[in-house]
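An overview of the molecular structure
Listed below, chain by chain, are the residues.
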Amino acid sequence: MTDDVVPSLDGFTRRDWQSGETNGTVRFAMVGMGWWTREQAIPAVEASDFCETTTVVSGSAQKVAAATDLADSIEHGITYEEFHDGVAEDAYDAVYVVTPNGAHLPYVETAADLGKAVLCEKPLEASVERAERLVAACDDVAVPLMVAYRMQTEPAVRRARELVDAGAIGDPVLVHGHMSQRLLDEVVPDPNQWRLDPELSGGATVMDIGLYPLNTARFVLDADPVQVRARATVESEPFDAVGDEHVSFGVDFDDGTLAACTASQSAAQSSFLRVTGTEGEVALDPAFYNRQERRFRLSIGSQSVDYDFDRVNQMTEEFDYFAYCLLTGTDPYPDGDHALVDMRTMKAIYAAAERGGDVAVEAV
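Definitions and limits used
Residues numbered from 1 in each chain as written. Predicted model: local features only at pLDDT ≥ 70, side-chain atom pairs only at ≥ 80, totals over all residues. Heavy atoms only, no water. Salt bridge = Lys/Arg side-chain N within 4 Å of Asp/Glu carboxyl O. Helix = DSSP H or I, 4+ residues; strand = E, 2+ residues; numbered from the N terminus. Buried < 20%, exposed > 50% of the residue type's maximum accessible area, 1.4 Å probe, protein only. Polar contact = N/O pair within 3.5 Å; in protein donor to acceptor, adjacent residues only side chain to side chain. Contact = heavy atoms within 4.5 Å.

In this section: the pattern of salt bridges. Within the structure shown, the criterion is met by 23 salt bridges. Note that Arg159 and Glu162 form a salt bridge whose closest N and O atoms lie 2.6 Å from each other. Highlighted residues: Arg159 and Glu162, both in helix H6 (residues 155-165), separated by 3 residues, approximately one helical turn. Judged by its relative accessible area of 10%, Arg159 is buried. A salt bridge links Asp358 to Arg229; the shortest N-O distance between them is 2.8 Å. One end of the pair, Asp358, is in the loop between helix H11 (336-355) and strand S15 (359-360); the other, Arg229, is in strand S8 (residues 225-233), with 129 residues separating them in the sequence. Taking the relative accessible area as the measure of exposure, Asp358 reaches 47% and is therefore partly exposed. One salt-bridge network, held together by shared partners, links Arg14, Arg15, Asp49, Glu317 and Asp320.

So, on to the side chain of Ser180. Examined against the element boundaries, Ser180 turns out to sit in strand S7 (residues 172-182). According to the relative accessible area criterion, Ser180 is buried, its value standing at 1%. Among the polar contacts made by the side chain of Ser180, one reaches the side chain of His178 at a distance of 2.9 Å. Among all residues touching Ser180, those that are not within four sequence positions of it are Ile209, Ser264, Ala267, Ala268, Gln269, Ser270 and Tyr289.

Written out as structure tokens, the structure reads:
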């Protein structure tokens, strides 16, 4: 293989968003003390360069007491009520909201009222209407809002976006994306969990993991969905209320690219993303799970080459990017408007799965 056929990746840096050194530290309040916060977010911040956890917030006094031991930097453990009352507000600069989807709104509203920057877990909320209120709460007082799409700070995904933008694979034509896991057997073995409550989750599979191939395709293509079609099936009783255990959906993007995506909460853990263009293809397999080696293949014509990317903690990359933006006065991205496109697209996917046929995505 010759360099004039397949471009070199030597010039790419892990943190292409970092243009220089900066001083200071962003202090975080973690709102929601579920396993993701305890096992992923707090350790990720401990390993970061630009931030630290100083405050933990939970509805459980027992969880708060236990969480204060998770990092030496944690000074305050407060309840949800105390958070809304502004207790310990001088101890943090930004808020990471990682409650169930349908409970994001009140904590983001309080953070905005307190003048704190917000990093909100994806998806924004359990419904489009509540997501719109969430974005407006931050916009009304000019509080920075970033939505936690950690794939957008994953170096391999950022490099894929650069290659597509540079025309390395010609014009993008097709995207194939997939994510699956065994939710009840291997992730959270509780049939009464909030992900299976439609009021709290908005949906079990599309909203939780189907969002990964959808949003990552948007990011790599720099394009937005305009129309979708979908099918959802349920085989296990715990998924009856939410209606989506296994899903497949197609997406028409505004640049003409077509995507075919699948996701399941009851299949072996697997993930991949492939973008095929008129001249070649870029593929990531695995793609979406944290702390995995990224197998990255670029193919042009009959030739292909595999590139190695260092394993990174995607959560650390995400927190450091957000903190770096705050410290340098840069608007963080993806923002609320970007996330609203996903919310409207997922609403259309659920509608298409229910009634069949193509469904247009409501414009922002």
